[in-house]
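Observations on the model geometry
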Amino acid sequence: MTKIGFLSFGHWRDVPGSKVRSGREALVQAIDLAVAAEEVGVDGAYFRVHHFAPQQAAPFPLLSAIAARTSRIEIGTGVIDMRYENPLYMAEEAAATDLISGGRLQLGVSRGSPETALAGYQQFGYVPDADDENGADMARAHTDVFRRAIAGEPMANANPQMTGSVGSLPVFPLADTLPDRIWWGAGTRATAEWTAEQGMNLMSSTLLTEDTGVPFDELQAEQIQRFRTTWSEMGWERTPRVSVSRSIIPIIDDESRHYFGVRAQVEGQDQVGHLDGGLARFGRSYIGSPEDLVAELAADHAVREADTVLVTVPNQLGVDFNVRLLAAVQDVFTEVDAAPLPV
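Residues numbered from 1 in each chain as written. Predicted model: local features only at pLDDT ≥ 70, side-chain atom pairs only at ≥ 80, totals over all residues. Heavy atoms only, no water.

1. Thoughts on the pattern of salt bridges
On inspection of all chains with the given rule, the structure shows 21 salt bridges. The closest approach of N and O atoms between Arg72 and Asp43, which form a salt bridge, is 3.8 Å. Here Asp43 lies in the loop between helix 1 (23–39) and strand 2 (44–47) and Arg72 lies in the loop between helix 2 (59–69) and strand 3 (74–81), a separation of 29 residues in the sequence. Judged by its relative accessible area of 37%, Arg72 falls in the partly exposed class. Residue Asp300 pairs with Arg246 through a salt bridge whose shortest N-O separation is 3.0 Å. (Salt bridge = Lys/Arg side-chain N within 4 Å of Asp/Glu carboxyl O. Helix = DSSP H or I, 4+ residues; strand = E, 2+ residues; numbered from the N terminus. Buried < 20%, exposed > 50% of the residue type's maximum accessible area, 1.4 Å probe, protein only.)

Here it is as C-alpha cells:
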C-alpha cells in the first residue's frame, strides 16, 4: 500500500482569505494538522524548509513538538537545504528529535532550490569555493559530515583533563537507526543514481531540473528505475524508500470547488520552463472529482513506482480544510493501489 504523507511549505500572510496570518499561527497549525492527520490515518507529516521567507525555516523545534503530540505518524522534511547547515549541530538536533519521536524521523536533505535571498547561505557563514557556483559541492560535503556524525563516527579529540583519556569523541545523542532514514532530494536522473551510490533514500518532487520531452511522470519513473538499478548494483542490504510529491486536490465540496475548480483547467498538464540556467519540467496538478483522480493517478507511472506520495497542501486554507483533503486523498489511493499498473 502506498504511504500517504502531507508536505507543507508553511506559508503565512496577513491577507484576505488566509487562515494563517503569522509565524506563530503557521507553527501551531502545523502541529494541529499533524495531530489531526494521524487521527484520520495519514502516514507522514513533512515540511519544506525555506530561509529568508515567511515559511517554515526551523524544522527541528516543529518536528519535536509534533513528535511529542503524536505516536505513529512519520515526521520529516522535504527538504532541508544543506548549504545553510552546520552538520554537527544538525546531527545533534536530528538525533534528539528522532529519540523524542521514537524513531519516526524521515529527513529529506539536498542542495536545495533557488531561494528568495541571493546566496543566503553565505549570511549563515557558509561560503562555497569559487568553482562551486551554486554551492552544490558544499551541500554534499555538509551532508557527508552530517551522515558520519549521526552514524557515531568520532568528530573531535577528547580533552584528557576532562575525560582522563586520549582519543576521539562522537556527538551526542545518537539515534541508532536514523542513518537509514536520510533521503536526498534529487532533481535529475544522474543525481538519483548518485543518491543510490551514497545509500540514501530517494525523494523526488513535483519538478525535475531536466527535460527530455517525455511526460513528467515517465521521466520521473525513469529516475526512480535508475535509482533502484544503481542501488542493487551497490549491494546495499536494506530496501530503499522512494517518495514523489504531487499536488492533489479532490473536489469534494463547495469550498474545494470554489478555490480550485477553475484551476483544474489550467494546471492539469505539465509545464516546461527555465530554472537554474536550464530547462526544467514541472509536473501537473491533479484536481477533480475523486473518481477522475483515481483514473489519472493510477496512470501516473512515477506514483505507481514510489512507495510514498507526499501531497502538497494549501496550508493557508487552515487545518479543517486540509484534513478533509487528506482524508479524500487516502480514499482515492485505496482504489489507485488496487488498479492495474500502467503499461
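2. Some details on the nonpolar core
With 75 residues, the main nonpolar core has Phe6, Leu107, Phe146, Ile248, Leu297, Leu326 and Phe333 as its most contacted residues. Ranked by residues supplied to this core, first place goes to helix 12 (residues 319–338) with nine residues. What Leu107 contacts, discounting residues up to four positions off in sequence, is Phe60, Thr77, Ile80, Met90, Ala94, Phe146, Arg181, Ile182 and Trp183. Leu7, Tyr46, Val79 and Trp183 belong to the second-largest nonpolar core, a separate cluster that totals six residues. (Core = buried A, V, L, I, M, F, W, Y, C linked by side-chain atoms within 4.5 Å. Contact = heavy atoms within 4.5 Å.)

3. Concerning the packing of aromatic side chains
Considering all chains together, one arrives at ten aromatic pairs under this definition. Pairing Tyr84 with Phe124 gives two aromatic rings, centres 4.9 Å apart and planes at 85 degrees, and the pair type is edge-to-face. On the criterion of sequence distance, the pair formed by Tyr84 in the loop between strand 3 and helix 3 (87–101) and Phe124 in the loop between strand 4 (105–110) and helix 4 (136–150) is long-range, its members being 40 residues apart. Here Trp184 and Trp194 contribute two aromatic rings whose centre-to-centre distance is 5.0 Å and whose plane-to-plane angle is 70 degrees, an arrangement assigned as edge-to-face. Of this pair, Trp184 sits in strand 7 (residues 182–185) while Trp194 sits in helix 6 (residues 189–198), and the two are ten residues apart along the sequence. Residue classification places Trp184 among the buried residues on the basis of a relative accessible area of 2%. One aromatic cluster in this structure is built from Phe52, Tyr84, Tyr121 and Phe124. Directly above the ring of Trp194 sits Arg140, whose terminal nitrogen or CZ lies 3.9 Å from the centroid. (Phe/Tyr/Trp six-rings, centres within 6.5 Å; stacked < 30°, edge-to-face > 60°. Lys NZ or Arg CZ within 6 Å of the ring centre and 35° of its normal.)

4. Description of the environment of Ile224
In this structure, Ile224 sits in helix 7 (residues 216–234). On the basis of relative accessible area, Ile224 is assigned to the buried category, the value being 0%. Through-space distance from the C-alpha of Ile224 to that of Arg24 is 37 Å; in sequence the pair is 200 residues apart. The residues contacting Ile224, other than those within four sequence positions of it, are Leu202, Val242, Val244, Ala302 and Glu305.

5. Observations regarding the sheet that holds strand 4
Ordered by their spatial adjacency, eight strands build a closed barrel running 1-2-3-4-7-8-10-15, and the pairing between neighbours is parallel. Strand-to-strand, the axes of this sheet are offset by a mean angle of 25 degrees, without reference to chain direction. Sheet topology places strand 8 (residues 201–204) next to strand 10 (residues 242–246); three bridges connect them, and they run parallel. Residue Met203 lies in a different strand from strand 10, and its bridge partner there is Ser243. Most of the contacts of helix 3 go to strand 4, to which it runs at about 155 degrees, and overall it touches strand 3 and strand 4. (Pairing = 2+ DSSP bridges. Axes fitted to C-alpha atoms, helices over the stretch in contact; angles between N-to-C directions.)

6. Here's the deal with the environment of Thr206
Tracing the backbone shows Thr206 in the loop between strand 8 and strand 9 (207–208). Counting along the chain gives 106 residues from Thr206 to Thr312, while the straight-line C-alpha distance between them is 9.3 Å. Once residues within four sequence positions are removed from consideration, Thr206 is found in contact with Phe216, Ser245, Arg246, Ser247, Arg281, Phe282 and Gly283.

7. Side note on unusual backbone geometry
In this structure, Val79 follows Gly78 across a cis peptide bond, with omega equal to 10 degrees. Mapped onto the elements, Val79 comes out in strand 3. Backbone geometry at Phe52 places phi at a positive 55 degrees, although glycine is not the residue there. Considering the arrangement of structural elements, one finds Phe52 in the loop between strand 2 and helix 2.

8. Some details on the packing of helix 3 against helix 4
Where helix 3 meets helix 4, the closest approach of the two axes is 8 Å, and the angle between their N-to-C directions is 45 degrees. Accordingly, the angle class assigned to the pair helix 3 and helix 4 is oblique. Helix 4 is crossed by helix 3, and the crossing has right-handed handedness. Across the interface between the two elements, Pro87, Leu88, Met90, Ala91 and Ala94 from helix 3 touch His142, Val145, Phe146, Ala149 and Ile150 from helix 4. When the residues that make up the contact of helix 3 with helix 4 are grouped by side-chain class, the tally is nine nonpolar, one polar and no charged. (Parallel < 35°, antiparallel > 145°, perpendicular 65-115°, else oblique. Left-handed = near helix turned anticlockwise from the far one by under 90°. Nonpolar A, V, L, I, M, F, W, Y, C, P; charged D, E, K, R; others polar.)

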